[in-house]
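Observations on chain architecture
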Amino acid sequence: MRRRHLAAIPLLALVPGLGRANEALGARLNGQHPSAYYREAGRLFGAGQREDAVFVFYLGQLRYRTHLVARPDLPADGDRALFAALTESVGRPLNEWAFGDVSFLVRTMDAVLAHDESQPDRFTPPREFPEAHRGVREGLARFREQVGASADSIRQQRAARGLENR
C-alpha cells in the first residue's frame with residue numbers, strides 16, 4: 001500500500017492548482033458531511049477557481065456516493081435527495097465546463113483517487129465500510145477510463161452543441 005501511495009503523489013502535480021492548496025482544502029473538509037465539498041466546489045467555481053472546483057466536486061462526489069452506499073437505510077428525502085439536488089445544481093455547470101478539456105478532467109479524477117487514498121475519508125471511514133469505498137472508487141476509475149476513451153467523441157458532441165473545447 002505504501003508503494004501505491006508514493007506512486008500516486010505525482011498525479012497531483014499534473015493538474016494545475018492541485019498541489020498543496022487542494023491538499024490543505026481536502027484535509028480541512030475531511031470529516032465533514034460530504035455536502036460541504038459541494039458547497040466549496042460551488043464557491044470556488046463562482047470565484048473563477050474552476051480547476052480547483054472540479055477537484056473538490058469530484059472528491060465530494062466520491063465521498064458522498066460512498067456515504068450513500070455505506071448507509072443504504074438513509075431516508076430517500078434526506079441525504080439521497082440532497083445528493084441529487086447538489087449534483088444537479090453544482091455538478092451540471094461544473095461538468096459542462098470540465099468536459100471542455102477531457103485530458104484535464106481525466107487527470108483530475110486521477111488526482112482525486114490519489115488524494116482519497118492518501119487522506120482517507122473520516123466521515124465514512126474505509127476501515128468501517130471497506131466494500132463501499134472499494135466499489136465507489138472502482139466506479140470512478142471506470143468512469144475515468146470511459147471518459148478518456150471517449151475523448152474524441154466528447155469533443156465532437158460538444159462542438160455540435162456549440163460548447164467550448166479547450
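Structure: see above.
Let us look at the structure shown here. (Residues numbered from 1 in each chain as written. Predicted model: local features only at pLDDT ≥ 70, side-chain atom pairs only at ≥ 80, totals over all residues. Heavy atoms only, no water.)

Quick notes on the overall build of the protein chain
Keep this limit in mind: Counting from the N terminus, the helices are the DSSP runs of H or I reaching at least four residues and the strands are the DSSP runs of E reaching at least two. Note on exposure labels: buried denotes an accessible area under 20% of the residue type's maximum, exposed denotes more than 50%, and partly exposed covers the range between, all computed with a 1.4 Å probe on protein chains only. Should any heavy atoms of two residues lie within 4.5 Å, those residues are counted as being in contact. The accessible surface values rely on the Shrake-Rupley method and a 1.4 Å probe; as for residues, cover is taken only from the protein chains in view.
Broken down by element type, the protein chain carries eight helices and zero strands. Secondary structure elements in the protein chain, listed N-terminal to C-terminal, are α-α-α-α-α-α-α-α. Out of the 166 residues belonging to the protein chain, those deemed buried represent 45%. Pairs at least 24 residues apart make up 72% of the contacts formed inside the protein chain by residues separated by at least 6 positions. Here the protein chain displays about 8700 Å² of accessible surface, and carbon together with sulfur accounts for 54% of that area.

What to know about the nonpolar core
This is how it is decided: The criterion is simple. A nonpolar core is a set of buried Ala, Val, Leu, Ile, Met, Phe, Trp, Tyr and Cys residues joined through side-chain atoms within 4.5 Å.
Residues Val54, Val56, Tyr58, Leu105 and Val147 are the most contacted members of the largest nonpolar core, which totals 38 residues. Take this core: its biggest share by element is 10 residues, from helix 4 (residues 50–70). Excluding its chain neighbours within four sequence positions, the residues that come into contact with Leu105 are Val54, Tyr58, Ala98, Phe99 and Val147.

A short note on the pattern of salt bridges
The line we're drawing: Salt bridges are defined by distance alone: a side-chain nitrogen of Lys or Arg within 4 Å of a carboxyl oxygen of Asp or Glu.
Counted under the stated rule, the structure contains nine salt bridges. One salt bridge in this structure joins Asp116 and Arg63, with 3.0 Å as the shortest N-O distance. Separated by 53 residues along the polypeptide, Asp116 in helix 6 (residues 102–118) and Arg63 in helix 4 bring together distant segments of the chain. For the pair Asp116 and Arg63, a shared accessibility class is recorded, and that class is buried. Between Arg137 and Asp116 there is a salt bridge, with its nearest N and O atoms 2.9 Å apart. Pair noted here: Arg137 is in helix 7 (residues 130–149) and Asp116 is in helix 6, with a separation of 21 residues, a long-range link. Overall, the relative accessible area of 22% leaves Arg137 in the partly exposed class. Through salt bridges with shared partners, a single ionic network connects Arg63, Asp116, Glu117 and Arg137.

Nothing here speaks to function; it is all geometry.
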